[in-house]
Structures are given as C-alpha cells and as structure tokens.
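Working through the structure, step by step
Given next are the chains, with one letter for each unit.
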Amino acid sequence: MSKGVPPEIAADLERAVRLEYWTIGWMISIVVAMGAVVGSSQAMRTALIEDMLSLIPAIVFLVAIRFERKAPSRLFPFGYQRVHSLSFMISAVALAAMGSLLLIESLMTLVRQEHVTVPPIHLFGEDVWLGWLMVAALLYSVVPPVILGRMKLPLARRLQDEVLHTDALMQKADWMTGLAGAAGVIGLGLGYWWADAVAATIISFSILQDGVTALRIATAELADGVPRELGKSNIDPEAEQLMRKLEGQYPAARIRLRETGRYIHAEVCGVDADPRQNLKILWPGMPERSWRLAQLSFVPPNKETRTGDS
Amino acid sequence: MKRWPILCLAWAATCCSDIPKDPEGTLDRVRAERRFQVGIIAAGGSRIGLDRQVLMLRRVSEATGADPILQTGASGPLLTRLEEGELDIVIGQFAPASPWGKKVTLLPPIGEQVSRDGHILLTVAARNGENAWIGLLHREARAVAAKP
C-alpha cells in the first residue's frame with residue numbers, strides 16, 4: 001500500500017480528490033448565484049439548502065481520505081479506515097435531519113396557505129421580475145452537478161467508495177431539484193400560490209430520501225454488517241463469492257465478513273491458522289480488485305467469542 | 001413540421017409576457033372595476049409625506065386607469081383588512097423593522113424621516129403574493145421616491 005492506500009487505486013483516488021475539489025468550487029459558485037436571488041420563494045430556499053448540503057459529501061470525502069492515508073499509530077493500531085464510515089454516517093444524519101425539517105416547513109406553508117411575494121428588481125435600468133433570475137440560477141445549478149456526478153460514478157465503483165457513490169448519485173439526480181424549483185417559481189408566476197410550496201416539498205423529500213439511504217448504508221458499515229453492494233442494502237456479489245470460496249476451502253468453519261470503509265475483512269472461525277493463504281490468490285473476483293480483501297484471520301476451535309456463537 | 005419550434009417560442013413568449021400573475025387577481029380586478037381600495041394610516045394630524053402619498057395614488061391611478069377609494073384608520077385594522085383582501089393597498093408610516101413586514105408586503109419607501117422615535121418610513125403595503133400588482137406598485141413607488 002502506498003501512503004495507506006493500495007497502489008491499484010492510488011491514481012483513481014487522486015482523480016476523485018481532484019473532482020471533489022472541483023465540486024466544492026462549482027457548488028460554491030452555485031450557492032452564491034442562488035443566494036443572490038433567493039428572495040422569499042420556499043422552493044428556491046430549499047434548493048439552495050440542498051446545494052449547500054451537497055457540499056458535505058465532498059468535504060467528508062476529502063477529510064476521510066486524509067485520515068485513510070495516515071499510518072496506524074499506537075492509539076489507533078488498526079489505522080483509520082473506519083473514519084470513512086464514520087464521516088459517511090455524519091453526512092447521512094445531516095441530510096436526513098435537514099430533509100425532515102424542510103419537509104415539515106414546506107408542508108406547513110401549504111397548510112397555512114401562505115402566499116409568497118416575488119417582487120421585481122431594478123436591473124440595468126429595467127424592472128425584471130426576480131422569479132426570472134431565480135429560474136436562471138436554478139437552471140445554472142443543474143449543469144455542473146450533473147456533469148460532475150457522471151464523472152464520479154465510475155470512479156466510485158472502482159474505488160468501492162460509499163461517500164463518493166452517494167455524492168455522485170445525489171449530483172446526478174440534481175437536475176430534478178433544479179427543474180422542480182424552476183417549475184415552482186414559474187408556477188408562482190402563473191398565479192398558482194401553492195406551486196412554490198409543492199416544489200419545496202418535492203425537493204425536501206428528495207433530500208430526506210438521500211439521507212435515509214445513506215443512513216442505512218452507514219449503519220450497516222459501522223455495525224460490522226456483511227459488505228453491501230455499492231449504494232444498495234443487499235450483500236456485495238464479490239463478498240458473496242469470497243464467502244462461498246472460503247466455505248469451500250474450510251467446510252467445517254464458519255465464515256464471517258465485514259466491511260471497513262472500502263475494504264473487506266474475513267474471519268474463518270473454528271479452524272487453525274492456514275499459513276498457505278495468499279490474499280491476492282484467494283480473491284475470487286477480478287484480480288485488479290483484489291486489494292479489497294484487506295485481512296483474513298483465523299479463530300481456532302473453542303476460541304470463538306460469545307457474540308460469534310449466536 | 002418546421003413551424004413547431006417557432007409556434008412554441010411564440011407561445012412561450014406570450015406566456016412569459018403575462019408572468020407574474022396574481023393568485024387572487026388583484027391587478028385584473030382593479031383594471032376591470034376601474035377602482036382600488038386604499039387604506040390611509042392616520043398619523044395623528046401629521047401631514048408629513050402627504051404630497052408623496054397623493055403623487056403615489058395619482059401614478060397608480062394613471063397606470064391602471066382606476067380611481068382610488070380612500071378610507072382612513074389605525075394601522076392594525078387596516079393592515080388586517082389588507083391581509084384579508086378587503087383593501088388593495090395601505091399607505092402609512094412604518095418602522096424599518098416593522099413586524100407587519102412578514103404578514104404583508106412592504107414596498108420600497110416613498111419617503112422617510114428621522115424623528116425622536118427613530119427612523120420612520122413612508123411606505124405602501126400590499127397583500128402578500130399578488131406579484132403582478134406588487135410589480136406595478138414597486139415601479140410607481142420607486143418613481144415617487146426618486147422625486148426630489
């Protein structure tokens with residue numbers, strides 16, 4: 001491993017880091033553009049908050065990578081691979097909490113039948129309805145995330161990176177937020193007072209959905225669950241193949257797999273240590289992904305922990 | 001087939017020129033009925049900004065082809081009636097951080113003064129969300145404010 005990460009993924013990781021810095025730059029420009037014209041439109045405000053929240057996965061990724069590259073220390077002898085899962089959990093909680101708050105707020109606006117005022121502004125000697133500037137900012141907010149999301153998705157798959165994958169999916173789906181917001185503002189302009197609040201409800205629901213999905217995956221990782229397929233809650237096919245291979249090699253043993261960040265840790269319970277094992281040869285999937293199997297440990301008979309017996 | 005894009009653009013341009021519209025149709029009603037209901041907040045005999053109030057009403061009247069129907073009263077009842085749609089505008093003195101700013105739309109001030117009570121703005125208030133009507137009032141309020 002170079003600088004704490006396997007050499008096979010070092011180049012992809014560097015590219016992902018560069019993309020996340022680009023993401024932060026573009027998202028700040030979007031937040032500034034939208035903040036300048038936000039007014040009192042709820043859809044606009046919710047879309048702005050979503051764009052601000054979409055900075056979190058990018059920042060979390062960069063922080064987690066810094067930790068992942070650190071060598072194990074006396075106080076953290078297993079290294080910092082799990083920081084990745086921990087930071088993913090933090091961003092998931094932030095997304096879910098903010099999504100819930102915004103959803104409640106937009107539903108309350110609908111219940112109270114609040115009518116939103118979008119006044120004109122004086123621009124270059126002309127009166128321009130602020131709604132048009134909002135629509136322009138919302139359409140601008142669609143383009144960079146969709147391109148960045150598409151660029152990140154294959155990288156996230158190769159790196160087996162949940163934070164990057166969630167970030168890519170959120171950005172790829174960002175066009176819906178932008179268009180929902182623009183439709184809400186135009187609906188408001190057409191005299192439908194509820195259009196803005198309905199658009200805000202749709203956007204906040206999508207934030208909540210992103211948060212809940214991320215929360216489910218992060219919980220599985222932190223609770224030593226079996227490795228999951230990227231962005232899904234079912235078992236990772238590569239992990240399943242590995243489990244079958246180990247079961248074939250050690251029929252009397254019980255096989256346990258868990259995921260720490262992007263790596264798989266395997267435990268063979270009920271047999272003595274096998275010194276012939278080689279992690280690269282053992283890996284049943286594509287050889288270039290053998291880095292995923294980071295550890296194989298053996299638990300001799302009668303030494304299994306109580307939790308392992310259940 | 002080639003006419004479709006042109007027709008779509010023409011349709012979009014027609015729709016866009018009509019935006020924004022009022023959810024409660026204030027501007028259309030004012031133009032149709034040729035009158036609008038005005039609440040003047042009583043200022044305890046003060047005539048400060050009276051000329052600007054008159055100028056504002058005259059400009060709105062010219063822009064809509066409608067006559068103002070005036071009624072005077074205390075700010076609370078007038079602004080409540082504005083919120084409920086019984087009045088179309090309320091003109092009066094407001095503090096810069098007036099709590100009414102959330103319940104009704106306060107337009108750019110048409111005059112201001114500094115008194116012992118602090119900074120006071122002479123402002124027009126309109127019902128929230130009536131964006132076409134508010135757009136017209138905005139334009140006229142800015143024109144009145146620009147007068148020396």
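What you are looking at is a predicted structure, and each value in this text was computed from that prediction instead of being measured. Per chain, residue numbering runs from 1 following the sequence as it is written. Numbering of ligands from 1 and lettering of chains from A proceed in the order in which they are written. Given that this is a predicted model, residues contribute local features only at a pLDDT of at least 70 and side-chain atom pairs are listed and counted only at 80 or more, while totals for whole chains, interfaces and linings are drawn from all residues. Computation of side-chain values covers all heavy atoms of the structure but excludes hydrogens and water.

The contact definition used throughout considers only heavy atoms, calling two residues in contact when any of these lie within 4.5 Å. Taken together, the contacts link 16 residues of chain B with 16 residues of chain A. Throughout, buried area stands for the accessible area (probe radius 1.4 Å) lost by two parts on being put together, summed over both. In total, about 1,400 Å² of surface goes out of reach between chain B and chain A, with carbon and sulfur atoms giving 59% of it. Considering only the surface of chain B that becomes buried against chain A, I19(B), N131(B) and R142(B) emerge as the three largest contributors, covering 38% of it. Salt bridge, as applied in this entry: a Lys or Arg side-chain nitrogen positioned within 4 Å of an Asp or Glu carboxyl oxygen. For the pair chain B and chain A, the interface holds 1 salt bridge. In this structure, the salt-bridge partner of R142(B) is D127(A), at a minimum N-O distance of 2.1 Å.

Turning our eyes to something else, we now look at the domain arrangement of chain A. Where interface size is quoted, it is often the accessible area lost as the parts come together. Residues and elements named next belong to chain A. Where each domain begins and ends follows an automated or database-derived domain assignment. Partitioning chain A into domains gives domain 1 (7-222) and domain 2 (237-303). Between domain 1 and domain 2, the C-alpha centre-to-centre distance is 37 Å. In this assembly, 15 residues from domain 1 lie in contact with 13 residues from domain 2. Taken together, both faces of the contact between domain 1 and domain 2 bury some 1,200 Å²; the carbon and sulfur share is 40%. When the area that domain 1 buries against domain 2 is broken down by residue, the three leading residues are E8, Q81 and Q160, summing to 46%. At the boundary of domain 1 with domain 2, the tally comes to 3 salt bridges. Taking the shortest distance from any N to any O, the salt bridge between R262 and E68 comes out at 2.9 Å. For the side of domain 1 that touches domain 2, the secondary-structure elements that each account for two or more residues are α1 (7-36), α3 (55-68), α4 (83-112) and α5 (130-159). In this classification, the charged set is Asp, Glu, Lys and Arg, the nonpolar set is Ala, Val, Leu, Ile, Met, Phe, Trp, Tyr, Cys and Pro, and all remaining amino acids, among them Gly, are polar. Grouping the amino acids of the side of domain 1 that touches domain 2 by side-chain chemistry returns 4 nonpolar, 4 polar and 7 charged. Each helix is a run of H or I in the DSSP string that is no shorter than four residues. Each strand is a run of E no shorter than two, and both are numbered from the N terminus.

Turning our eyes to something else, we now look at the sheet that holds strand β4 (residues 263-269) of chain A. Residue and element names in this part refer to chain A. When DSSP finds two or more bridges between a pair of strands, those strands are recorded as paired. As summarised here, the arrangement of the 3 strands in space is β3-β4-β5, forming an open sheet in which the pairing is mixed. The strands lining the two open edges of the sheet, one partner per strand, are β3 (254-260) and β5 (293-299). Strand after strand, the sheet turns through a mean of 20° between neighbouring axes, direction not considered. Across 6 bridges, β4 lies against β5 in parallel orientation. Here an axis means a line fitted to C-alpha atoms, over the contact stretch when the element is a helix, while the angle between two N-to-C directions is reported on a 0 to 180 degree scale.

Before going further, it helps to examine the nonpolar core. Nonpolar cores were defined as sets of buried Ala, Val, Leu, Ile, Met, Phe, Trp, Tyr and Cys residues, with membership established by side-chain atoms within 4.5 Å. Using a 1.4 Å probe on the protein chains alone, a residue whose accessible area is under 20% of its type maximum counts as buried, one over 50% counts as exposed, and one in between counts as partly exposed. With 56 residues, the main nonpolar core has M34(A), M44(A), F61(A), V118(A), M134(A), L138(A) and L164(A) as its most contacted residues. Secondary structure elements with two or more residues in this core: α1, α2 (42-53), α3, α4, α5, α6 (162-172), α7 (174-189) and α8 (193-222) of chain A. The biggest single contributor to this core is α1(A), with 10 residues. When residues no more than four places from it in sequence are discounted, the contact partners of M44(A) are M34(A), V37(A), V38(A), M134(A), A137(A), L138(A) and D196(A). Among the nonpolar cores identified, the runner-up in size contains 23 residues, and V30(B), I110(B), I134(B) and L137(B) belong to it.

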